2 protein chains.
Amino acid sequence: MTRMYNPPHPGETLREDVLPALELTVSEAARQLGISRVQLSRVLHGRASITPDLALRLEAWLTPEQGGRAELWLGQQMEYDLYQAARKRRPNVLPIHGA
Amino acid sequence: MTRMYNPPHPGETLREDVLPALELTVSEAARQLGISRVQLSRVLHGRASITPDLALRLEAWLTPEQGGRAELWLGQQMEYDLYQAARKRRPNVLPIHGA
DNA sequence: GAAAGTGTAGCGTGTCGCTTTACACCTGTC
DNA sequence: GACAGGTGTAAAGCGACACGCTACACTTTC
């Protein structure tokens, strides 16, 4: 239950690590991934999430060495979403036995 | 990239393993979790997903031995969603260097 | 028969992913 | 200076879905 670190948005990883290594423009990457340039830009800036569909596209697009594992992208998104959810509303739920 | 097994919906796990061990009714569990009975029933039967909010509620409610880890619930939901997404639409994306 | 528990359909609301269009900005080259 | 290409982003429209509420039918237990 200790989640002290601030997980980065996976789009940030994509923007800072993956795309520069590929030497591709955002427009060209979006074209190859089969999504719109606008949507990819939103993901890269943390304004949209890595969806299962996008994770599968990244897996089909990248080599395993470049980060082509759908579970990794989705898992990082999950960590991010969980942290953001815990940061604001903590649900008012009591432990079950009082334990 | 090999995802050959059929991951169960996490609500199924909740219905078959967790709730029986607690000897609680669905209505009472929903009340303690702070969600509606209808919504919990939908989750238990795979008609609704484990959201970050619900995962945090489960974590606050259950002891760690009972399965009280938000990441586990969300991760199982992720596996399920990923498998379902891969099962139907496979995105038409080419590998990046023809590799 | 009454009460409690359950599954589920239907409705309304809010959120969000996604595309398309459009705009403003920056950079290079002619 | 004009023009083209790349970029970020806002707005509009659509579809999907989580969620609560109400309502109904069914079952079991008293």
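Colleague: So what about the protein's contact with DNA strand C? Which residues, and what values?
Modeller: Residues in contact with DNA strand C amount to 19 residues; listed here are only the nearest, Gln39(A), Arg42(A), Val26(B), Ser27(B) and His45(B). By atom count, sugar and phosphate contribute 56% of the portion of DNA strand C lying within 4 Å of the protein. Elements with a contribution of two residues or more to the surface near DNA strand C: α3 (37–44) of chain A together with α2 (26–33) and α3 (37–44) of chain B. A per-class count over the surface near DNA strand C returns 5 nonpolar, 9 polar and 5 charged.

Colleague: Describe the relation of the copies chain B and chain A, naming the residues involved and giving the relevant values.
Modeller: Relative to chain A, chain B is turned by 180 degrees and slid 0.0 Å along the rotation axis, the superposed coordinates differing by an RMSD of 0.0 Å. Classification of the inter-copy transformation places it as that of a two-fold axis. Distance from the rotation axis, computed per C-alpha, reaches its smallest value in chain B at Gly75(B): 3.6 Å. A symmetric contact is evident, with 100% of the interface residues of chain B recurring at the interface of chain A.

Colleague: Tell me what's going on with the pattern of salt bridges, and back it up with residues and numbers.
Modeller: The tally for this structure, following the rule as stated, stands at 8 salt bridges over all chains. Glu28(A) serves as the salt-bridge partner of Arg31(A), at 2.8 Å between the closest nitrogen and oxygen. Here Arg31(A) and its partner Glu28(A) are both found in helix α2 (residues 26–33), 3 residues apart, which amounts to about one turn of the helix. Judged by its relative accessible area of 26%, Glu28(A) is partly exposed. For Glu71(B), the salt bridge goes to Arg69(B), with nearest N and O atoms at 3.6 Å.

Colleague: Could you give me a rundown of the interface of chain B and chain A, with the residues and numbers involved?
Modeller: In this complex, chain B contributes 33 residues to the contact, which on the side of chain A involves 33 residues. Between chain B and chain A, roughly 2,800 Å² of surface is buried when both sides are summed, and carbon and sulfur atoms account for 69% of that area. Remark: the boundary between chain B and chain A carries 0 salt bridges. Scanning the region where chain B abuts chain A turns up 0 residue pairs in polar contact (both at pLDDT 80 or more).

Colleague: Now, about the packing of helix α5 (residues 70–87) of chain A against helix α5 (residues 70–87) of chain B: what can you tell me, with residues and values included?
Modeller: Their axes nearest at 10 Å, the elements α5(A) and α5(B) cross at an angle of 140 degrees. Between α5(A) and α5(B), the crossing angle belongs to the class labelled oblique. The handedness of the crossing between α5(A) and α5(B) is right-handed. Along its contact with α5(A), which presents Ala70(A), Glu71(A), Leu74(A), Gly75(A), Met78(A), Glu79(A) and Leu82(A), the element α5(B) presents Ala70(B), Glu71(B), Leu74(B), Gly75(B), Met78(B), Glu79(B) and Leu82(B). Among the residues forming the contact of α5(A) with α5(B), the class breakdown is 8 nonpolar, 2 polar and 4 charged.

Each value, and the rule that gives it
Residues numbered from 1 in each chain as written. Chains lettered and ligands numbered in written order. Predicted model: local features only at pLDDT ≥ 70, side-chain atom pairs only at ≥ 80, totals over all residues. Heavy atoms only, no water. Near = heavy atom within 4 Å. Helix = DSSP H or I, 4+ residues; strand = E, 2+ residues; numbered from the N terminus. Nonpolar A, V, L, I, M, F, W, Y, C, P; charged D, E, K, R; others polar. Least-squares fit on C-alpha atoms with pLDDT ≥ 70 in both. Contact = heavy atoms within 4.5 Å. Salt bridge = Lys/Arg side-chain N within 4 Å of Asp/Glu carboxyl O. Buried < 20%, exposed > 50% of the residue type's maximum accessible area, 1.4 Å probe, protein only. Buried area = accessible area lost by both parts, 1.4 Å probe. Polar contact = N/O pair within 3.5 Å; in protein donor to acceptor, adjacent residues only side chain to side chain. Axes fitted to C-alpha atoms, helices over the stretch in contact; angles between N-to-C directions. Parallel < 35°, antiparallel > 145°, perpendicular 65-115°, else oblique. Left-handed = near helix turned anticlockwise from the far one by under 90°.

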